Amino acid sequence: MKGLAAFGMGAALFFVQSGVAQMGAPDTPPPVSMQAVHGPLAAKYKAEADRILKAGETDDDGYVALTYLCDHIGKRLSGSPQLNTAVEWGAELMRKAGLENVTVQPVMVPHWVRGEESGAIVAPVTKPLHMLGLGMSVGTPKGGITAEAVFVPSFEALDAMSTEQVKGKIVVFNPGWHGYGVNVMYRAIGPSKAAAKGAVGVLVRSATGLAMQTPHTGSLYYDEKVTKIPAAAISIEDALMIERLCKEGPVKVHLQMDAHMEADVKAGNVMGEIVGSEHPEQVVVIGGHIDSWDVGQGAQDDGSGIMGTFQAVTLIHKLGLKPKRTIRLVFWVNEENGEAGGKAYRKMIGPKIGEQVAAIEMDEGAEKPLGIGYGGFESLMPGAPPFDLSKLPPDQQQSFAALQDIASLLGPIGADRVLPGGGGSDIEPLTDDGVPALAPRTEDLHYFDWHHTEADTLDKVDPKEFRKNAAMLSVVAYVLADMDGRLAGKVAAAAK
Ligand SMILES: [Zn+2]
């Protein structure tokens, strides 16, 4: 198991650094954060930051583009024609906005097709299930499968079961809600764990805390040593009903899925730049992912990320600000089910990794921003040690101090905190190799209500909060690209 990004989050992976408590889980404490401290960077960049924030109050370019993306291009799973339409449109958008060196880096992406699918309880009662097949799942045989359901509340419970208890059955996982980081594991590796005990199918409670009969899809990750079995997410309500019925007696479910893989398709990472005035070879890279799931509109995940970072970069350009280093905007491709875009970008950089000065990814939605997150995935993993600034090496402590200084410029939009933990699946290949990882951190109240569902639509993105996220990232990217010195990387690894 690599970082959580290896599980194709398509999402926000922001976990609070207190034991295993996580955002989005019940009774979650507020995230650890540090307050802004006015210092030399704030003194130097106050005028530019104020100009960015002022312009950011009324800039609508990102939201207008997001509206078009959602309503006219829509969902854009890797391999779909809509994704390639979005890639071409994204490049044109960057060109029209006046960014330099706009290119599409060709990337081959997997092509998973959902096809027709359905599920139902067939005994002791008959009831259709609210289901969505998991991304990358195999299909069922024609006509589907009908089998006894076995309710499993945890991996530990599955481990304790005998093969006879599981063999030939459809495992129904419902661990309750413990935050995305815990629940996503049931979606990601639950199918192969169940298959190892002889299960013929898996239904997993959707990775969300909100019960609205909405199934949430997302990638599964098969263990190649085990038979691949079909797997789908079901709504919380349906998972709970199966659980209740299983306590009464035998329950049978039917599952039919046409899901299958087709040949890889050529797509691409979209890139554009503001070329640095003194060190054009040094790059602050910022972006989100252009692909989405094949449901909803990919509005928060991650339309808000690509359009929020687009607005962050174009604000700088429109104001005529020229940082010393290059700011490169990237719409990475295939984050949701393969991360081919992030890997291809890292490959393109090759040995010049040291010239990637910082990597900023927005993939947590555009809810009310709290401030800037700094560090990698590791510090956000369930069970990671509590964050302790004093245990970090001096260069990392200095980096936190520099960010607290920069954050003091963000007081006017109420996003002046620095939070340990940031990053994203697309930038992880960079940050694994020492590039400092940053991400906007939001209050994250509803992201997992909509994530990977039919409900991830434009109306979920509040234009006002969207603008604040863009303005925050604009200031941070500008200062990081212009300031003397640079942040340290590998923060999370060193925190242990
Ligand atoms: Zn995402």
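Owing to the predicted nature of the structure, the values given are computational and were not obtained by experimental measurement. (Residues numbered from 1 in each chain as written. Predicted model: local features only at pLDDT ≥ 70, side-chain atom pairs only at ≥ 80, totals over all residues. Heavy atoms only, no water.)

Attention now moves to the packing of aromatic side chains. Applying the stated criterion across every chain yields a total of twelve aromatic pairs. With a centroid separation of 6.0 Å and 85° between ring planes, the pair formed by Tyr-45 and Tyr-478 is classed as edge-to-face. In this pair, Tyr-45 sits in helix H1 (residues 40–58) while Tyr-478 sits in helix H13 (residues 463–482), placing the two residues 433 residues apart along the sequence. Just as Tyr-45 is buried, Tyr-478 falls in that class too. Measuring from centroid to centroid gives 5.6 Å for Phe-155 and Phe-173, while their planes differ by 85°, and the two rings are edge-to-face. Taken as a pair, Phe-155 in helix H4 (residues 155–160) and Phe-173 in strand S7 (residues 170–173) lie far apart in primary sequence, 18 residues in all. Per residue, the accessibility class of Phe-155 equals that of Phe-173, and both read buried. Among the aromatic side chains, those forming a connected cluster through ring pairs are Phe-155, Phe-173 and Tyr-186. One cation-aromatic arrangement involves Lys-193 over Phe-155; the distance from NZ or CZ to the ring centre is 5.1 Å. (Phe/Tyr/Trp six-rings, centres within 6.5 Å; stacked < 30°, edge-to-face > 60°. Helix = DSSP H or I, 4+ residues; strand = E, 2+ residues; numbered from the N terminus. Buried < 20%, exposed > 50% of the residue type's maximum accessible area, 1.4 Å probe, protein only. Lys NZ or Arg CZ within 6 Å of the ring centre and 35° of its normal.)

Moving on, we come to the sheet that holds strand S1 (residues 34–35). Where strands meet in a sheet, backbone hydrogen bonds hold them as pairs that are either parallel or antiparallel. Pairing within the open sheet is mixed, and its nine strands lie in the order S1-S16-S15-S17-S14-S12-S13-S11-S2. On the outer flanks of this sheet lie S1 and strand S2 (100–113), each paired with one strand and no other. With five bridges connecting them, strand S11 (residues 260–274) and strand S13 (residues 325–332) associate as antiparallel partners. By the bridge assignment, Glu-273 is partnered in S13 with Arg-328. Strands in contact with helix H8 (residues 299–318) are S11, strand S12 (279–289) and S13; relative to S12, the strand with the most contacts, it is inclined by about 145°. On top of the sheet, helix H9 (residues 340–349) reaches S2, S11, S12, S13 and strand S14 (356–361); it is set at about 135° to S2, its chief contact. (Pairing = 2+ DSSP bridges. Contact = heavy atoms within 4.5 Å. Axes fitted to C-alpha atoms, helices over the stretch in contact; angles between N-to-C directions.)

Further remarks concern the environment of Gly-218. Turning to its location among the elements, Gly-218 is positioned in the loop between strand S8 (201–205) and strand S9 (231–234). Residues Gly-218 and Trp-293, spaced 75 residues apart in sequence, show a C-alpha to C-alpha distance of 7.5 Å. Residues in contact with Gly-218, not counting those within four places in the same chain, are Leu-134, Gly-135, Arg-187, Trp-293 and His-452.

This brings us to the nonpolar core. Of all hydrophobic cores here, the largest spans 82 residues; its most connected members are Met-307 and Leu-480. Excluding its chain neighbours within four sequence positions, the residues that come into contact with Leu-480 are Val-284, Arg-325, Val-357, Ala-358, Ile-360, Ile-406, Leu-438 and Leu-487. Membership of the second largest hydrophobic core comes to 25 residues, among which are Ile-145, Met-241, Leu-245 and Ala-259. (Core = buried A, V, L, I, M, F, W, Y, C linked by side-chain atoms within 4.5 Å.)

Domain boundaries in the chain define domain 1 (25–110 + 263–495) and domain 2 (115–258). Of note, the centres of domain 1 and domain 2, computed from C-alpha atoms alone, are 34 Å apart. Facing the 15 residues of domain 1 at the interface are 20 residues of domain 2. Inspection of the region where domain 1 meets domain 2 yields zero salt bridges. Tallying contributions element by element places helix H12 (residues 447–450) first for the side of domain 1 that touches domain 2, with three residues. (Domains from an automatic or database assignment. Salt bridge = Lys/Arg side-chain N within 4 Å of Asp/Glu carboxyl O.)

With that settled, the discussion passes to the sheet that holds strand S3 (residues 117–123). As summarised here, the arrangement of the eight strands in space is S4-S3-S10-S6-S7-S8-S9-S5, forming an open sheet in which the pairing is mixed. Every other strand in the sheet has two partners, leaving strand S4 (127–128) and strand S5 (131–133) as the edge strands with one partner each. Bridge count between S8 and S9: four bridges; the pairing is parallel. Looking at the pairing, Leu-203 lines up with Ala-232 of S9.

As a further point, take the pairing of S13. S13 sits mainly inside the fold: eight of its eight residues count as buried. One ladder, built from eight bridges, connects S12 with S13; its direction is parallel. Within S13, the position partnered with Val-284 by the bridge is Ile-327.

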